[in-house]
Amino acid sequence: MKRELWMQSEVILTHDPIDEVALRAGRAAGTGNVAVITFVGLVRDLECGQGIEGLEYTAHETMARHQFGLLMAAAAGKWPVASVRLVHRLGRVRNGEASLWVEVVAPHRGEA
């Protein structure tokens, strides 16, 4: 079944640390949209058994936004999701720091 693409979406590519408190404050949840799922990806301290201090992230920003937009449009066509927000760090990210933050808001947890 094809759904209308009414979902709000946001993609942020940033060199700044991910501020989860500020992101939660900007949440689009409201009447009827009460399921909120978040995912936080942290940089690990080991890679292939070797200790690492962090990772360096780069992106072709125009292409990254385009590809994330395609993924979000596909989700909107399949599930009744109200909002998807994605934040991805660029540049040097030390181990233990968040490199990715994703939030999905929907009417029910199954859709989120």
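Keep in mind that what you see is a predicted model, and the values were worked out from it rather than measured.

Caption draft 1: Expanded view of the nonpolar core. Met7, Val11, Leu13, Ala64, Met72, Ala76, Val81, Val84, Leu86, Leu90, Val102 and Val104 together form the largest nonpolar core, which totals twelve residues. For this core, the secondary structure elements donating two or more residues are strand 1 (8–14), helix 2 (61–78), strand 6 (83–89) and strand 8 (98–106). Tallying contributions element by element places helix 2 first for this core, with three residues. With residues near it in sequence (within four places) discarded, Leu86 still touches Glu10, Val11, Ile12, Phe68, Met72, Leu100, Trp101 and Val102. If you look at the next biggest cluster of nonpolar residues, it comprises five residues, including Ile18, Leu23, Val87 and Trp101.

Caption draft 2: Main features of the pairing of strand 8. Most of strand 8 is tucked away: eight of the nine residues are buried. Pairing of strand 2 (residues 35–42) with strand 8, which is carried by eight bridges, proceeds in the antiparallel orientation. Within strand 8, the residue paired with Thr38 across the bridge is Glu103. Inspection of the sheet shows strand 6 paired to strand 8 by six bridges, in the antiparallel sense. Counted as the bridge partner of Val87 is Trp101 from strand 8.

Basis of the calculations
- Residues numbered from 1 in each chain as written.
- Predicted model: local features only at pLDDT ≥ 70, side-chain atom pairs only at ≥ 80, totals over all residues.
- Heavy atoms only, no water.
- Core = buried A, V, L, I, M, F, W, Y, C linked by side-chain atoms within 4.5 Å.
- Buried < 20%, exposed > 50% of the residue type's maximum accessible area, 1.4 Å probe, protein only.
- Helix = DSSP H or I, 4+ residues; strand = E, 2+ residues; numbered from the N terminus.
- Contact = heavy atoms within 4.5 Å.
- Pairing = 2+ DSSP bridges.

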